[in-house]
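# A structural walkthrough
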Amino acid sequence: MAIGILGKKLGMSQMFDENGSLIPVTLIQAGPCPVLEKRVKDRDGYTAVQLGFDEQKASRVNKPDAGRFAKAGAAPQRFVREFRGDGAAALEVGQSVDVNIFAAGEKVDITGTSRGRGFAGPRKRHHLTPGPVTHGSMYHNRVGSNGGSSFPSRTFPGKKMSGHMGDSRVTVKKLTVVKTDPENNLLIVKGSVPGSPDGYVMVHKLADK
């Protein structure tokens, strides 16, 4: 049994459920994903399957990758990731995974790259409470004390300060599959998914993680 699928976030929309309630949904173009390689416990030390998504020109891949794709009998793929789990043992190189592995009402975990926000201050990056806004406070948007003078004479790791925000790997857990559209390779899930439109995502089946 397949343990997940690769896809591309198309954007958000709205749908009505069977009770007439309006729910926010995210549309994902999921698969078909060819199986490129297979990891086995005896040889590699773990069980996993490597999937590819989004075909690209053969001229855009290097020779090692071109040979790997040719060995699997698949076209060159832009997005390649591994899914670990015992369910990978049922898949073989050359097979294809599509949205038929999911059913409405099923829970999934979705991993993507969050939107990059550039260099951000502590209030935006860590949601810190602002200081007094009265006249003369001189402490409106500051981060606060960074460390003692004589001891410890340094800033402890993990201090909430200004820095790069976003553009990191994020996993949203237990999203509900609302509907699948095998004809158009669409997976519709309730709620939001990390990343910008056209960003690549990994959809994990909870039963096989």
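A few points on the structure. What you see is a predicted model, and the numbers here were worked out from it, not measured in a lab.

## Describing the pairing of strand β3 (residues 33-39)
Burial analysis of β3 places five of its seven residues in the buried class, the great majority of the element. Across two bridges, the pairing between β3 and strand β6 (residues 96-97) is antiparallel. If you follow P34 over to β6, its bridge partner there is S96. With four bridges joining them, β3 and strand β4 (residues 48-55) adopt antiparallel strand pairing. Across the sheet, K38 pairs through a bridge with V49, a residue of β4.

## Brief notes about the sheet that holds strand β10 (residues 169-181)
In a beta sheet, neighbouring strands are held together by backbone hydrogen bonds and run either parallel or antiparallel to one another. Strand order in the closed barrel formed by six strands is β1-β2-β11-β10-β7-β12, with antiparallel pairing between adjacent strands. Strand-to-strand twist of the sheet, defined as the mean angle between neighbouring strand axes without regard to direction, takes the value 50°. With nine bridges connecting them, strand β1 (residues 4-16) and strand β2 (residues 22-30) associate as antiparallel partners. By the bridge assignment for β2, Q14 is matched with P24.

## Topic: the sheet that holds β4
Within the open sheet, the four strands sit side by side as β5-β4-β3-β6. Their pairing is antiparallel. Of all the strands in the sheet, the pair left with one neighbour each is β5 (77-84) and β6. Along the sheet, helix α2 (residues 63-72) contacts β3, β4 and β5; its crossing angle with β3, the most-contacted strand, is approximately 100°.

## Details of the pattern of salt bridges
Pairs may arise between side chains of opposite charge once their charged atoms sit close together. Across all of its chains, the model carries nine salt bridges by this definition. Residue R68 pairs with E37 through a salt bridge whose shortest N-O separation is 3.7 Å. Note that R68 is positioned in helix α2 and E37 in strand β3, a separation of 31 residues in sequence. The salt bridge partner of E92 is K38, with a shortest N-O separation of 3.0 Å. A residue pair is termed long-range when its members are at least 10 positions apart, and E92 in the loop between β5 and β6 and K38 in strand β3 qualify at 54 residues. Within this structure, E37, R39, D65, R68 and E82 form a network of salt bridges that share partners.

## Things to note about the pairing of β10
Examined bridge by bridge, strand β7 (residues 107-113) and β10 share six bridges and lie antiparallel to one another. Along β10, the bridge assignment pairs T111 with T171. As defined by bridge partners, β10 adjoins strand β11 (residues 186-190) across four bridges and the pair is classed as antiparallel. Along β11, the bridge assignment pairs K179 with I188.

## Regarding the side chain of K8
Assignment of secondary structure puts K8 in strand β1. The buried category is assigned to K8, whose relative accessible area is 17%. The contacts of K8, once residues within four sequence positions are left out, are L27, I28, Q29, F53, D54, D198, G199, Y200 and V201.

## A word on unusual backbone geometry
Look at the link from G31 to P32: it is a cis peptide, with omega at -5°. Tracing the chain through its elements places P32 in the loop between β2 and β3. Along the chain, F151 connects to P152 via a cis peptide bond; the corresponding omega equals 5°. Position of P152 relative to the elements: it lies in the loop between α3 (122-126) and β9 (163-165). The backbone of K174 sits at a positive phi, close to 55°, despite the residue not being glycine. By secondary structure assignment, the location of K174 is in strand β10. Among the residues examined, K174 registers a relative accessible area of 60% and is labelled exposed.

Here is what the cut-offs are and how they apply
Residues numbered from 1 in each chain as written. Predicted model: local features only at pLDDT ≥ 70, side-chain atom pairs only at ≥ 80, totals over all residues. Heavy atoms only, no water. Buried < 20%, exposed > 50% of the residue type's maximum accessible area, 1.4 Å probe, protein only. Helix = DSSP H or I, 4+ residues; strand = E, 2+ residues; numbered from the N terminus. Pairing = 2+ DSSP bridges. Axes fitted to C-alpha atoms, helices over the stretch in contact; angles between N-to-C directions. Contact = heavy atoms within 4.5 Å. Salt bridge = Lys/Arg side-chain N within 4 Å of Asp/Glu carboxyl O.

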